[in-house]
Number of protein chains: 2
Amino acid sequence: MDIQETIKIMLKGVNEHTQISDIEEKLKKVSEENRPLRIKLGLDPSAPDIHLGHAVVLRKIKQLQDMGHEAIIIIGDFTGMIGDPTGKSKTRKQLTRQEVEENASTYKQQIFKILDESKTTLRYNSEWLSPLTFKEIIELSAKCTVARILERDDFKKRYEAGQPISVHEFFYPLMQAYDSVVLKADIELGGTDQTFNILMGRNIQRDYGQDPQITLFMPLLEGLDGVEKMSKSLGNYIGINEDANTMYEKIMKIQDEMIIRYYELCTDVHPDQITEIQRRLSSGENPKNVKMELAKEITRLYHSEELANKAEEHFKSAFQMQVAPEDVAEIVIEDANNVNELLDKILLSGKYASKGEIKRLFLQGAVKVDNEKIIDFRDLKLKNDSIIQIGKGNFYKIKMK
Amino acid sequence: MDIQETIKIMLKGVNEHTQISDIEEKLKKVSEENRPLRIKLGLDPSAPDIHLGHAVVLRKIKQLQDMGHEAIIIIGDFTGMIGDPTGKSKTRKQLTRQEVEENASTYKQQIFKILDESKTTLRYNSEWLSPLTFKEIIELSAKCTVARILERDDFKKRYEAGQPISVHEFFYPLMQAYDSVVLKADIELGGTDQTFNILMGRNIQRDYGQDPQITLFMPLLEGLDGVEKMSKSLGNYIGINEDANTMYEKIMKIQDEMIIRYYELCTDVHPDQITEIQRRLSSGENPKNVKMELAKEITRLYHSEELANKAEEHFKSAFQMQVAPEDVAEIVIEDANNVNELLDKILLSGKYASKGEIKRLFLQGAVKVDNEKIIDFRDLKLKNDSIIQIGKGNFYKIKMK
């Protein structure tokens, strides 16, 4: 595949990355060596319920796999005994061997809902970390300074606040970096919270005489509230194991502003197509239509075309969505800020005695705009392609002039 | 042996130590268990030429051995690969395995000039440190915080000055502490520069469920200049491998003010006897006499009674010391600050024509006071028992009134 096309897909939705010229060089190198990129992803087996937030990096890997590259997923069973202190304000409890194994097995069941199993190798980092001798550990840790590690944001904050950091926590970034050395990783992905650990991999690879890995940092996906990072504990998450109906419905709850972000981070839709969707939204298409497409696409990814279609049907009926007829009457609105203009034009249909009657119908809950009841007609926001339904059978479609 | 007598000898010359009540408790405990104290000393095999400064801790151990206790000397062959960064302003070069072994072997030859070999076990800490697994290392280092280690003076200074500290240097105090755990040490000795590392042993022993060791910190011995710490590189040292004559002569060069300190730190002389020597000096005895006793005692410790006597003889002849006759004429001086009084009383002997002649003899280099030539008679310091020799045969002994 063309290097520029690879880079376009590789960088879709990415927050920070190694400079393009280095990426090009790496791609040329593996192409000359006639081999795929070795893509590394480390998973901390302490949070086994994967949601769309966790899936962001996995989807990116899937896109790279679709272009022929290979993934190596590291189940951090050894590092999990320490627990990555990243972003934590205190030392984490060490997981037992049994907890690590149970979590890792749950993880495996989930990641192959996303990744191409034929292009994925699963490794446990205990394989190479556990047999390291003290001498080798000393050599590894001699390659990094205390000051460098204390630069890491969370360590720095804890150190300055006088909160305890155990010496063993310093091992975490070094171990993660050493994983890259052992695997000769060409590229490592992670959330932006992993910047420090992943860049450490580049340094340590260099120290061990290797060509340093490319790094791609994916943004942290906001949850259903559109503000906080998606997280199970905040309840604003969409789990990849949720059934098709629940998944579809949850996606329909995201804010309109998040549609493109979810397209970028939660689907494999080509960047060019996303540009087109962006264009549709900008030119006034009802976001609800686009969101339904998004919900169907994401549901399809984790279930099937069929279940995604069924979820859409279910959504429509569960929310008593009535579909406007093909030949719905269109009302052309000239001033988006003038709701009275709409009432005037509905009155022109001759079905209602007065604007007062139409206002009463609003107050009685008989009016839906894009399937949402509007009680006070002044709350109405005029949007292109909005469907206004009055009572059971009367539909109008707004057209902005 | 009586606990109070043990403590008296144990604390002779000691700079800092665990509080007396804890020492008493430990001594009672081992007495009840009917076993000797397990005394730990770690030696860094990077400086193999032992001098009296290094020997301070070894002598203390010898004194404890003489009371029936047992020493375990750790040759830090494993820790030596890191090199204790204590007091160093930068990361030390790692020693090779071969360098460590050569140094350790030189050490062994020297320490048994001091220690009782029958009550000494030699151990290499590679024995238990080298086979530690990564998991065990993680568990060990989880017991200490980064802040605690950065409190150590030299680390703190380097960190604050922005000088690099490698992560592996943090292992040093942890490893030294772990040595105490493995050996179940009852007591650890070290120089005051080892305070941090040795106290860490107490903490980590507690963490591993052991009764913490007693700690004894010996002062750093000043060298021949009486100011700087004894050190080979400064040239102010007395090596324990030096021949008897050299050793004796070097000791004769120390300042009078250092005599008691050398008695405390470089001999096994009982504290009560040192009190007596102190008394002799305070009551005006010529320090040279006492220093000669000290030189003979130290030379005897590292050589033999016979060689020590020979060294004394050699010193006397080499420095052309003439011994005053038994019936030397005594001159009683009333005013220590009045040198003229001495000249007047020498004139009374009738051997010289005038005070002018006596002054000329000074100027010609014919007058020695305690075997040192005095050229300008005004430089003369009047001390009790000083021997004044004029020409070959005329001796006078000063008696202060």
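Below: a short report on this structure. (Residues numbered from 1 in each chain as written. Chains lettered and ligands numbered in written order. Predicted model: local features only at pLDDT ≥ 70, side-chain atom pairs only at ≥ 80, totals over all residues. Heavy atoms only, no water.)

**Topic: the relation of the copies chain B and chain A**
- Once chain B has been moved 0.2 Å along the axis and rotated by 179°, it coincides with chain A to within an RMSD of 0.3 Å. A rotation of that kind, with that shift, is consistent with a two-fold axis.
- The fraction of interface residues of chain B whose copies in chain A are also interface residues reaches 100%, indicating that both copies meet through the same surface. (Least-squares fit on C-alpha atoms with pLDDT ≥ 70 in both. Contact = heavy atoms within 4.5 Å.)

**Section: the interface of chain B and chain A**
- At the junction of the two partners, chain B supplies 29 residues and chain A supplies 29 residues.
- Where chain B packs against chain A, one counts zero salt bridges.
- At the level of elements, helix H6 (134-141), helix H7 (146-150) and helix H9 (171-183) of chain B are the ones that each hand at least two residues to the side of chain B that touches chain A.
- Broken down by element, the side of chain B that touches chain A gets its largest block of residues, five residues, from H6(B).
- Split by residue class, the side of chain B that touches chain A holds 22 nonpolar, six polar and one charged. (Salt bridge = Lys/Arg side-chain N within 4 Å of Asp/Glu carboxyl O. Helix = DSSP H or I, 4+ residues; strand = E, 2+ residues; numbered from the N terminus. Nonpolar A, V, L, I, M, F, W, Y, C, P; charged D, E, K, R; others polar.)

**Some points on the side chain of B:Thr299**
- Residue position: B:Thr299 is located in helix H14 (residues 287-302).
- Ignoring any residue separated from it by four or fewer positions in sequence, one finds B:Thr299 in contact with B:Ala244, B:Met247, B:Tyr248, B:Ile251, B:Ser304, B:Ala308 and B:Ala311.

**Thoughts on the pairing of strand S3 (residues 70-75) of chain A**
Residues and elements named next belong to chain A.
- Most of S3 sits out of view: five of its six residues are buried.
- Where strand S2 (residues 38-43) and S3 come together, six bridges link them in parallel fashion. Within S3, the position partnered with Ile-39 by the bridge is Ala-71. (Buried < 20%, exposed > 50% of the residue type's maximum accessible area, 1.4 Å probe, protein only. Pairing = 2+ DSSP bridges.)

**Quick word on the packing of helix H16 (residues 339-347) of chain A against helix H17 (residues 355-363) of chain A**
Residue and element names in this part refer to chain A.
- Two elements in contact, H16 and H17, have axes separated by 9 Å at closest approach and are oriented at 110°. Between H16 and H17, the angle is such that the two are roughly perpendicular. Classified by chirality, the crossing of H17 by H16 is right-handed. Contacts between H16 and H17 involve Asn-340, Leu-343, Asp-344, Ile-346 and Leu-347 from the first element and Lys-355, Ile-358, Lys-359 and Phe-362 from the second.
- Broken down by class, the residue content of the contact of H16 with H17 amounts to five nonpolar, one polar and three charged. (Axes fitted to C-alpha atoms, helices over the stretch in contact; angles between N-to-C directions. Parallel < 35°, antiparallel > 145°, perpendicular 65-115°, else oblique. Left-handed = near helix turned anticlockwise from the far one by under 90°.)

**Quick notes on the environment of B:Ile111**
All names here are of chain B.
- Mapped onto the elements, Ile-111 comes out in helix H4 (residues 97-111).
- On the basis of relative accessibility, which here comes to 0%, the residue Ile-111 falls in the buried class.
- With 61 residues separating them along the chain, Ile-111 and Ile-50 place their C-alpha atoms 8.1 Å apart.
- Apart from residues lying up to four places away in sequence, Ile-111 is in contact with Leu-43, Ile-50, Leu-58, Ile-73 and Leu-122.

**Thoughts on the sheet that holds strand S1 (residues 16-17) of chain B**
All names here are of chain B.
- Ordered in space as S1-S6-S5-S2-S3-S4, the six strands form an open sheet in which the pairing is mixed. Lying at the two open borders of the sheet, with one neighbouring strand each, are S1 and strand S4 (120-124).
- By the bridge criterion, two bridges tie strand S2 (residues 38-43) to strand S5 (residues 187-191) in an arrangement that is parallel. Bridged to Ile-39 within S5 is Ile-187.
- Packed onto the sheet, H4 meets S2, strand S3 (70-75) and S4 and runs at close to 170° relative to S4.

**What about the packing of aromatic side chains?**
- Taken as a whole and assessed by the stated rule, the structure comprises 15 aromatic pairs over all chains.
- With a centroid separation of 5.9 Å and 65° between ring planes, the pair formed by A:Tyr178 and A:Tyr208 is classed as edge-to-face. Of this pair, A:Tyr178 sits in helix H9 (residues 171-183) while A:Tyr208 sits in the loop between helix H10 (195-207) and strand S6 (214-218), and the two are 30 residues apart along the sequence.
- Classification of A:Tyr208 as partly exposed rests on a relative accessible area of 32%.
- On the basis of an interplanar angle of 55° and a centroid distance of 6.3 Å, the ring pair of A:Phe362 and A:Phe377 is categorised as tilted. Pair noted here: A:Phe362 is in helix H17 and A:Phe377 is in the loop between strand S9 (372-373) and strand S10 (387-390), with a separation of 15 residues, a long-range link. As far as the burial class goes, A:Phe362 and A:Phe377 line up, both buried.
- Taken together, the aromatic side chains of A:Phe78, A:Phe134, A:Phe171, B:Phe78, B:Phe134 and B:Phe171 make up a single cluster linked through ring pairs.
- Here the basic side chain of A:Lys250 rests over the ring of A:Tyr237, its NZ or CZ set 4.4 Å away from the ring centre. (Phe/Tyr/Trp six-rings, centres within 6.5 Å; stacked < 30°, edge-to-face > 60°. Lys NZ or Arg CZ within 6 Å of the ring centre and 35° of its normal.)

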